[in-house]
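Working through the structure, step by step
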Amino acid sequence: MKNSLMRFIAGRASTIVDNPTYSSWRFYCSPTSSSTRPPPNGKLFVAGLSWSVDEKSLKDAFSFFGQVSEVRIMYDKDTGRSRGFGFVHFSKEDEARCAKDAMDGKALLGRPLRISFALEKIRGAPVVVPRLPNGNA
DNA sequence: GATGAGCGT
């Protein structure tokens, strides 16, 4: 909470970093934004990350919008550097909505963030080819 | 020593 990452998100909140009063944080999150239908999973796909952003920085940044349950950044297996995108899991879908609407398009560590709702990625499950029971291949 | 749209073991 006392990380300086907040300053990259909201530049005007530089004085609130060490203050417990977050009265200046107005993210205009519509509680009932029924205009769009987000996937009710609460998972966010965060791309456009800088290559020097790690998971704890992301979680620290997104924790202001809600309770982040999981943060995953994809790193390259060869170079070990981040691939520039990751995933943020929120406890509530409204918080994910809030974080997306608030952080999408804005810059984190100098690079503009591109947030969208994550897809339903099944772990380790390759795309199963639906075999029709007709047997005609 | 670089790069920059994207959907994950």
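As named in an unreviewed UniProt entry, chain A is Glycine-rich RNA-binding protein 4, mitochondrial, taken from Herrania umbratica.

With the rule as written, the count across this model stands at five aromatic pairs. Between the aromatic rings of F45 and F87, the centroid separation amounts to 5.4 Å while the plane-to-plane angle is 55°, which identifies the pairing as tilted. Placement of the pair is F45 in strand β1 (residues 43-47) and F87 in strand β3 (residues 82-90), with a sequence separation of 42 residues. A residue is classified by how much of its surface remains accessible, and F45, at 25% relative accessible area, is partly exposed. Here F62 and F65 contribute two aromatic rings whose centre-to-centre distance is 6.2 Å and whose plane-to-plane angle is 55°, an arrangement assigned as tilted. Residue class for F65 comes out buried when judged on its relative accessible area of 8%. The rings of F45, F85 and F87 are connected pair by pair, giving a single aromatic cluster.

Judged by nonpolar contacts, the single largest core of 22 residues is most densely connected at L44, V46, L58, F62 and F90. Where this core is concerned, the elements lending two or more residues are β1, α2 (55-62), β2 (68-75), β3, α3 (93-103) and β6 (114-117). Per-element accounting of this core gives the leading share, five residues, to α3.

For the rest of this paragraph, the subject is the pattern of salt bridges. Evaluated as defined, the whole model comprises three salt bridges. We note a salt bridge from E95 to K92, for which the minimum N-O separation is 3.4 Å. The class of E95 is buried, set by a relative accessible area of 13%. Across the pair D101 and R97 runs a salt bridge whose closest N-O atoms are separated by 3.4 Å. Residue D101 and its partner R97 are both found in helix α3; the two are separated by four residues, about one turn of the helix. Of the residues examined, R97 reaches a relative accessible area of 12% and is grouped as buried.

In this section: the sheet that holds β1. What the four strands build is an open sheet, ordered β2-β3-β1-β6; its pairing is antiparallel. Both edges of this open sheet fall to β2 and β6, since each of them pairs with a single strand only. Taking the axes of each pair of neighbouring strands and ignoring which way they run, one obtains an average angle of 20° across the sheet. Pairing geometry for β1 and β3, over four bridges, is antiparallel. The residue bridging V46 from the neighbouring strand is G86, located in β3. Of the strands in this sheet, β1, β2, β3 and β6 are in contact with α2, which crosses β2 at around 140°. On top of the sheet, α3 reaches β1, β3 and β6; it is set at about 150° to β6, its chief contact.

Parameters and conventions
In every chain, residue numbers begin from 1 and rise along the written sequence. Ligands are numbered from 1 and chains lettered from A, in the order in which they are written. Owing to the predicted nature of the model, reporting of local features is limited to residues with pLDDT of at least 70; listing and counting of side-chain atom pairs is limited to 80 or more, with chain, interface and lining totals taken over all residues. Side-chain measures were taken over the full set of non-hydrogen atoms in the model, leaving aside hydrogen atoms and water. The aromatic pairing rule takes the rings of Phe, Tyr and Trp, using the six-membered ring of Trp, and pairs them if the centres are within 6.5 Å, calling planes under 30 degrees apart stacked, those over 60 edge-to-face and the rest tilted. By the criteria applied, helices consist of DSSP H or I runs no shorter than four residues and strands consist of E runs no shorter than two, each listed in order from the N terminus. Each residue is assigned to one of three classes by its accessible area relative to the maximum for its type, calculated with a 1.4 Å probe on protein chains only: buried under 20%, partly exposed between the two thresholds, exposed over 50%. Working definition of a nonpolar core: buried Ala, Val, Leu, Ile, Met, Phe, Trp, Tyr and Cys residues. They are joined through side-chain atoms within 4.5 Å. A pair is scored as a salt bridge if a Lys or Arg side-chain nitrogen falls within 4 Å of a carboxyl oxygen belonging to Asp or Glu. Any two strands are treated as partners once DSSP identifies two or more bridges connecting them. Whenever a helix is involved, its axis is fitted only over the stretch in contact; in every case the axis is a line through C-alpha atoms, and angles between N-to-C directions fall within 0 to 180 degrees. By definition in these notes, contact holds between two residues if any of their heavy atoms fall within 4.5 Å.

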